[in-house]
Amino acid sequence: QVLPFTILPAQDTELEILRPAGVRQRLEFVPAVGTELPRSVAFEIRRDGTLMLWDRAEADPLTHEIWLAPGSYSLATREREPQSIASFAVGSAEGPPVRIVLR
């Protein structure tokens with residue numbers, strides 16, 4: 001979402017953010033054979049070329065849950081070479097985890 005706002009001196013600025021309904025999608029980051037799993041992975045998710053989310057998965061195992069509207073998406077890792085890219089679709093109900101292989 002893009003929300004216009006103005007910051008005025010000595011006044012609080014309040015924004016009302018309406019969250020659209022979404023479907024839970026689990027992401028699993030797994031290492032390629034012979035590759036060590038990092039402590040965290042930064043990633044971005046796009047829909048039709050528009051950035052929808054920029055986040056970071058941290059923990060062991062490297063998993064992350066997001067809520068997205070049904071549709072087609074692409075995920076790309078950030079701050080990592082080589083970059084890992086995955087395309088996936090979100091349906092009207094929760095589906096299997098998306099596995100992203102880190103190289």
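For the structure itself, consult the block above.
Description of the structure in this document. (Residues numbered from 1 in each chain as written. Predicted model: local features only at pLDDT ≥ 70, side-chain atom pairs only at ≥ 80, totals over all residues. Heavy atoms only, no water.)

## A short note on the sheet that holds strand β6 (residues 85-90)
Stated precisely, the cut-off is as follows: For two strands to pair, DSSP has to find at least two bridges joining them. Think of it this way: any DSSP run of H or I at least four residues long counts as a helix, any run of E at least two long counts as a strand, and we number them from the N terminus. Comment: axis = line fitted to C-alpha atoms, over the contacting stretch for helices; angle = value between 0 and 180 degrees taken between N-to-C directions.
Spatially, β3-β2-β5-β6 is the arrangement adopted by the four strands of the open sheet, whose pairing is antiparallel. Looking at the sheet topology across the chains shown, the edges are occupied by β3 (50-58) and β6. For this sheet the average axis-to-axis angle between neighbouring strands, irrespective of direction, equals 25 degrees. Bridge analysis of strand β2 (residues 40-47) against strand β5 (residues 71-78) gives five bridges, and the strand direction is antiparallel. Its bridge partner being in β5, arginine 46 is matched across the sheet by serine 74.

## Regarding the nonpolar core
Put simply, the rule is: Here, nonpolar core means buried Ala, Val, Leu, Ile, Met, Phe, Trp, Tyr and Cys residues that are tied together by side-chain atoms lying within 4.5 Å of each other. Relative accessibility thresholds used throughout: buried, under 20% of the residue-type maximum; exposed, over 50%; partly exposed, between the two (1.4 Å probe, protein chains only).
Grouped together as the largest cluster of nonpolar side chains are 18 residues, with contacts concentrated most on Leu27, Phe29, Phe43, Ile45, Leu75, Phe88 and Ile100. Going through the elements one at a time, β1 (23-31), β2, β4 (63-68), β5, β6 and β7 (98-102) are the ones with two or more residues in this core.

## Digging into unusual backbone geometry
If you check the backbone angles, alanine 10 has positive phi at about 60 degrees while not being a glycine. Mapped onto the elements of the fold, alanine 10 is located in the segment before β1. The backbone phi angle of aspartate 48 is positive, close to 55 degrees, even though this residue is not glycine. Structurally, aspartate 48 is set in the loop between β2 and β3.

So far we have only geometry, and geometry alone does not tell us how the molecule works.
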